[in-house]
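Results of the structural survey
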Amino acid sequence: MTPWIALAIPLLIVAFLLYRRYARLRKRRALLATPLSPEQRAVVERLVPLVRRMPEPLRLTLEGKMNLFLDQITFRGQNDLEVSDEMRLSIAAQACLLIVNSPAWYNTLRNVLIYPSAFLTHRGTHDGHLVHDNNHATLGESWARGPVILSWDHALHGGLDAEDGHNVVIHEFAHQLDGLSGHTDGIPILRKGQAYAGWETAMLDAYHDHVDRLERGEYTLIDPYGATNHEEFFAEAIVTFFERPQALRREEPALYAQLAELLALDPATWA
Ligand SMILES: [Zn+2]
């Protein structure tokens, strides 16, 4: 091999890799800048009415992130379920609410598995990778580095009722957000400038208050399932943040402020 060929081959490889990276970034930027079609927007507004409360600029950002999400994720129907555009749009809209205004992204997620309704799972909770929600019949699961597994029945109804404090898609994607730090433990990657000490105090105070109330048999704003452990509390706190923001701000102002800073959102002020 002549010397110039020996030099040209590595240069060509570097040029190819740089071009591929450039093309990927360009595609990403284009997807983020693309709004949904009027038909898609109508489906989202019907199936995820929470979106209608968002300020207009945020809604447009959500549409771009949904396009990126829909491009990245493969939806796989289970038990003969045929995945429809309505399913993709409903799940994408709910999943992207969490990251609509923050730089966080579901980098490692490639697959969302959809069962028609609550599904039986034979996977144990002891293997360290599965964030459970593992009853006899399961509504959703989130695995570290993917996939997310959902019951369509519950994903649909969670999106349709934006105020009942239950949402399996937001819950499972809160686990995905939590897991971006490398551990699903209720401590996500905080925002630049967000002090860990403030986060820890707010979360632990609210968690212990939650557990104490349940032990006294009292009503809790955050779903009782949050008492399971710190990661389930984080997931249920995020559901409450979106579905009952004003009540959360009133009852747990420090927790609300930390979540608002983490997600760069203030849903208590939405219409
Ligand atoms: Zn969970």
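From a predicted model like this one, the values you see are computed outputs, not experimental measurements. (Residues numbered from 1 in each chain as written. Predicted model: local features only at pLDDT ≥ 70, side-chain atom pairs only at ≥ 80, totals over all residues. Heavy atoms only, no water.)

Once that is clear, we can look at the packing of aromatic side chains. One pass over the structure, following the stated rule, counts eleven aromatic pairs. With a centroid separation of 6.3 Å and an interplanar angle of 50°, the aromatic rings of Tyr19 and Tyr22 are classed as tilted. Linking Tyr19 with Tyr22, this pair stays in helix 1 (residues 3-32), spanning three residues, or about one helical turn. Assessed through its relative accessible area of 49%, Tyr19 is described here as partly exposed. Assessed through its relative accessible area of 43%, Tyr22 is described here as partly exposed. Taking the centre distance of 6.2 Å and the plane angle of 80° together, the rings of Phe69 and Tyr106 count as edge-to-face. Taken together, the residues span a long stretch of sequence, with Phe69 in helix 4 (residues 56-72) and Tyr106 in the loop between helix 5 (85-97) and strand 2 (111-115) at a distance of 37 residues. (Phe/Tyr/Trp six-rings, centres within 6.5 Å; stacked < 30°, edge-to-face > 60°. Helix = DSSP H or I, 4+ residues; strand = E, 2+ residues; numbered from the N terminus. Buried < 20%, exposed > 50% of the residue type's maximum accessible area, 1.4 Å probe, protein only.)

Right, let's get into empty space enclosed by the protein. Overall, the coordinates contain two cavities of 30 Å³ or more when judged by the stated rule. By volume, the largest cavity amounts to about 80 Å³. For the largest cavity, the full set of lining residues is Ala206, Asp209, His210, Arg213, Thr220, Leu221, Ile222, Leu248, Glu251 and Glu252. Secondary structure elements with two or more residues in the lining of the largest cavity: helix 8 (196-215) and helix 10 (245-251). With four residues, helix 8 is the single largest residue contributor to the lining of the largest cavity. Classifying every residue of the lining of the largest cavity by side-chain character gives four nonpolar, two polar and four charged. Every element with two or more residues in the lining of the second largest cavity is listed here: helix 2 (38-47) and helix 4. In terms of residue class, the lining of the second largest cavity is built from four nonpolar, no polar and four charged. (1 Å grid on protein atoms, 1.4 Å probe; cavity = no way out; pocket = protein on both sides within 12 Å on 5 of 7 lines; lining within 4 Å. Points joined across faces, edges and corners; volume = space filled by probe spheres on them. Nonpolar A, V, L, I, M, F, W, Y, C, P; charged D, E, K, R; others polar.)

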